[in-house]
Amino acid sequence: MVVRTDRDEPVATITLNRPDVRNAMNIALLEALTESLREADADDEVGAIILTGADPAFCAGVDLKAAAAGEFDLSGGGPDLPAVFHDLDTPVIGAVNGVTVTGGLELALLCDFLIASDRARFADTHARVGIHPSWGLTATLPQAVGIRYARQMSFTGNYVDADEAARIGLVNQVVPHDELLPTVERLAADIASNDAVAVSAIRRTYLEVSATTLAEGLTLERRRAADLRFDPEEVDRRREAVIARGREQTGSDPGAEPDQG
């Protein structure tokens, strides 16, 4: 089984499962990953998806032995991973447990955000191998770390450790390796506890705004907000829950809590 899916209530965890080759991607893995993502997304009971790798790596990129044998097209003709992720309604959190390189880095960057183990290492070695990115790295990496640091990573092929990845914005947070999945599972449960329609609409807006200008993005956001129908009574019920949750998380005076989003 090259990809494994586990369910824990509203959270689906998808694990790349070729640890002997550091979860390098061949056609079988990509097809299984695509199917697993779509199945989890289609399940109304799933409110968040976690993507991780079987230790010791997240993903070492494309299986170059398979490519050399003609089993994989490195010129951009393979599976369209950005389209697969773009079409999802359910947020995907990347739990980066180890080495994440080249195509593996592209895969990680397609997640909505990343939490990293202290064992994680990142590199873009396309230029070292002699191939060109085809899963969106030249767009997604600059969005995460800025254009100049992205160029540095791509032109040098040098590795970035977990702490540096957090400093430059490549990952949101670094945690001890044993705490990675519990941390990400809590975040996934937080996402799944929200209104699924609103989460999906906000995710879609983030994706579309990131691909346009600021002025167009502001217009798009206002249009999407107007299109999202809501029940005032349900909003009021959720407002009370938000206040209670904020009080629990911050320990602040209930009277100081905001009463609107």
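Predicted model only: the values in this text are computed from it and were never measured. (Residues numbered from 1 in each chain as written. Predicted model: local features only at pLDDT ≥ 70, side-chain atom pairs only at ≥ 80, totals over all residues. Heavy atoms only, no water.)

This paragraph deals with helix H9 (residues 180-192). Over its 13 residues, H9 extends 18 Å from the first C-alpha to the last, a length consistent with the 18 Å expected when each residue adds 1.5 Å. Within H9, the full set of buried residues consists of Leu 180, Thr 183, Val 184, Ala 188 and Ile 191. Taken around the axis of H9, the buried residues stretch over an arc of 135 degrees, which confines them to a single face. (Helix = DSSP H or I, 4+ residues; strand = E, 2+ residues; numbered from the N terminus. Expected span 1.5 Å × (residues − 1). Buried < 20%, exposed > 50% of the residue type's maximum accessible area, 1.4 Å probe, protein only. Arc of directions from axis to C-beta.)

All right, on to the sheet that holds strand S9 (residues 160-161) then. Judged by pairing direction, the sheet is mixed, and its 4 strands sit side by side in the order S4-S6-S8-S9 without closing on themselves. Edge strands, defined here as strands with exactly one partner in the open sheet, are strand S4 (57-59) and S9. (Pairing = 2+ DSSP bridges.)

Packing of helix H6 (residues 137-145) against helix H7 (residues 147-156) leaves a shortest axis separation of 7 Å and a crossing angle of 125 degrees. What the angle tells us is that H6 and H7 run oblique. The crossing of H6 and H7 is right-handed. Taken together, the residues of H7 that come into contact with H6 (itself represented by Leu 137, Leu 141, Pro 142 and Val 145) are Ile 147, Tyr 149, Ala 150, Met 153 and Ser 154. Of the residues belonging to the contact of H6 with H7, the class tally is 8 nonpolar, 1 polar and no charged. (Axes fitted to C-alpha atoms, helices over the stretch in contact; angles between N-to-C directions. Parallel < 35°, antiparallel > 145°, perpendicular 65-115°, else oblique. Left-handed = near helix turned anticlockwise from the far one by under 90°. Contact = heavy atoms within 4.5 Å. Nonpolar A, V, L, I, M, F, W, Y, C, P; charged D, E, K, R; others polar.)

With mixed pairing, the 6 strands of this open sheet are ordered in space as S1-S2-S3-S5-S7-S10. With partners counted over all chains shown, the strands left at the sheet margins are strand S1 (3-8) and strand S10 (173-175), one partner each. Strand-to-strand twist in this sheet, taken as the mean axis angle between neighbours without regard to direction, amounts to 20 degrees. Where helix H1 (residues 27-42) meets the sheet, its contacts fall on S1, strand S2 (11-16) and strand S3 (48-53), and the angle it forms with S2 comes to roughly 180 degrees.

Geometric descriptors of this kind do not, in isolation, establish any biological role.
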